[in-house]
Amino acid sequence: MSFTLVIHGGAGNITPAIMNKQQEQEYTQGLKDALDRGYEVLKNGGTSVDAVVAAICCLEDNTIFNAGKGAVFTKKGLNEMDAAIMDGSNLAAGAIAGVRNIKNPIRLAKEVMLHSGHVLLSGSGAAEFAINQGMVMTPDEYFFNQQRYDQWVEIRDTNFTQLDHKGDNLKGTAPNPDYKFGTVGAAALDIHGNIAAGTSTGGMTNKRFSRIGDSPVVGAGTYANNATCAISCTGHGEFFMRAVVAHDVSCLMEYKGLSLQEACATVVKDKLVKMGGEGGLIAVDAKGNWDFCFNSAGMYRGMRNSDGKEVVAYYGE
Ligand code: ASP
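The residue numbers shown here count from 1 along each chain, following its written sequence. Owing to the predicted nature of the model, reporting of local features is limited to residues with pLDDT of at least 70; listing and counting of side-chain atom pairs is limited to 80 or more, with chain, interface and lining totals taken over all residues. To get the side-chain values, take all heavy atoms of the structure and skip hydrogens and water.

Overview of the packing of aromatic side chains
The cut-off we apply is this: Between 30 and 60 degrees the pair is tilted, below 30 it is stacked and above 60 it is edge-to-face, where a pair is any two Phe, Tyr or Trp rings, Trp via its six-membered ring, whose centres lie within 6.5 Å. The secondary structure listing takes helices from DSSP runs of H or I that are at least 4 residues long and strands from runs of E that are at least 2 residues long, numbered from the N terminus. Residue burial is assigned from relative accessible area. The probe radius is 1.4 Å, only protein chains are included, and a residue is buried under 20% of its type maximum, exposed over 50%, and partly exposed in between.
If you walk through the whole model with that rule in mind, you get 8 aromatic pairs. Where tyrosine 27 meets phenylalanine 65, the ring centres are 5.6 Å apart and the plane angle is 80°; that geometry is what we call edge-to-face. On the criterion of sequence distance, the pair formed by tyrosine 27 in helix H1 (residues 21-43) and phenylalanine 65 in the loop between helix H2 (48-60) and strand E2 (81-87) is long-range, its members being 38 residues apart. The exposure class of tyrosine 27 is buried, given its relative accessible area of 1%. Relative accessible area serves as the criterion here: at 0%, phenylalanine 65 is assigned to the buried category. A ring pair is formed by tyrosine 142 and phenylalanine 143, whose centres lie 5.0 Å apart and whose planes are at 90°; its orientation type is edge-to-face. Here tyrosine 142 falls in the buried class, since its relative accessible area comes to 18%.

Some details on the site of the ligand
Put simply, the rule reads: Proximity is defined per residue: if any heavy atom of the residue lies within 4 Å of a molecule or strand, that residue is considered near it. As used in this structure description, the phrase polar contact means that two N or O atoms lie within 3.5 Å; if the pair is within protein, one of them must be able to donate a hydrogen and the other to accept it, and residues adjacent in sequence are counted only when both atoms belong to side chains. Here, Shrake-Rupley sampling with a 1.4 Å probe gives the accessible areas, and only protein chains in the shown set may cover a residue. Charged means Asp, Glu, Lys or Arg here, nonpolar means Ala, Val, Leu, Ile, Met, Phe, Trp, Tyr, Cys or Pro, and polar covers whatever is left, Gly included.
Residues in contact with the ligand amount to 11 residues; listed here are only the nearest, Thr183, Arg211, Asp214, Thr234 and Gly235. Within the backbone of glycine 235, a nitrogen or oxygen atom sits 2.7 Å from a nitrogen atom of the ligand. Glycine 237 is positioned such that a nitrogen or oxygen atom in its backbone is 3.0 Å from an oxygen atom of the ligand. When the ligand is considered free in solution it has 270 Å² of accessible area, and contact with the protein chains removes 100% of it. Each residue belonging to the shell around the ligand can be placed in one class, and the counts come to no nonpolar, 9 polar and 2 charged.

Quick notes on the sheet that holds strand E7 (residues 222-224)
Applied cut-off: A pair of strands is treated as paired once DSSP finds two or more bridges between them. Note on definitions: angles span 0 to 180 degrees between N-to-C directions of axes, and those axes are lines fitted to C-alpha atoms, for helices only across the stretch in contact. What makes two residues a contact is simply this: any of their non-hydrogen atoms within 4.5 Å.
Pairing within the open sheet is antiparallel, and its 4 strands lie in the order E7-E8-E9-E10. Edge strands, defined here as strands with exactly one partner in the open sheet, are E7 and strand E10 (290-294). Across the sheet, the axes of successive neighbouring strands diverge by a mean angle of 10°, strand direction being ignored. Across 3 bridges, the pairing between E7 and strand E8 (residues 230-235) is antiparallel. When the bridges of E8 are listed, tyrosine 223 appears paired with isoleucine 231. Against the sheet, helix H8 (residues 260-275) touches E8, strand E9 (279-284) and E10, its axis set at about 15° to E10.

Examining the pattern of salt bridges
We apply this condition: Each reported salt bridge corresponds to a side-chain nitrogen of Lys or Arg within 4 Å of a carboxyl oxygen of Asp or Glu.
Tallying each qualifying case throughout the model produces 11 salt bridges. One salt bridge connects glutamate 310 with lysine 32, and the closest N-O pair in it is separated by 3.7 Å. With glutamate 310 in strand E12 (residues 310-315) and lysine 32 in helix H1, the pair connects residues that are 278 residues apart, well separated along the chain. We classify glutamate 310 as partly exposed; its relative accessible area is 35%. Notably, a salt bridge pairs aspartate 36 with arginine 304, separated by 2.8 Å at the nearest N-O pair. Of the two residues, aspartate 36 is situated in helix H1 and arginine 304 in strand E11 (residues 298-305); the sequence distance between them amounts to 268 residues. Looking at aspartate 36, the relative accessible area reads 33%, which means it is partly exposed.

In structure tokens, the structure reads:
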């Protein structure tokens, strides 16, 4: 049986004009490391769920991405993270929203999926569950990052929220057009024929009122179903929630018989564009088809499969 892994590290205004050679190298390495981590799991016969967790943990531990250690700051100067995982073999899902001090939020999402009897836990309750499950809490300093801090200081006295991967059409929400880093995600097909997807994020810089984006919302930012596809999204979460993006791709395959690529293009390049929603997604299906699809200038992305093919890219074609 064959296997496939796709990952992303956020979409947005990612062009050669705003990336220098060193940044290109850092992103290439960061994406390759995550691909290698997930690939190892799949090569050894591990599950798509475990491959997704392995790849995402690697991205969460890397400060260049807005998740885990690199999570952006809220209006109050905190790091509040969201994550979700879904198992396409049985439609089980687990998610956490607005959690602090968790080193790898995707691991906690998996714990929720397997051991809570619930799908989505938030805030202090999610932390309590994490402690009950024996997860180690990580001090605030672990999440301190000068670049993220500076991004926040720029706008903390305003009521702007800043998408980490700002594109040009987010009027009123983002004063700096050059921000380009983002949320992370992975989707995988394993040798058992099962698919899974996961997403992890720090959300938006300077977010207030316990704002939650699409990433931990099953069907919006994350979805997996063996009958159709496994999807992880990145983009302006409010639009992705209203368009129920990940589930919409699945529905187009299930009810209209569209291919993976056709379904992704319909949602990302047509429906979302008409709504003004910027971003993209990564996708696999149970036949080993995979896709990257985005309507922004670029998306940090990678793919590695059992045919020996490997792709790492960030700019648009
Ligand atoms: N979708 C995420 C959110 O709105 C942000 C991102 O993709 O970078 O929280």
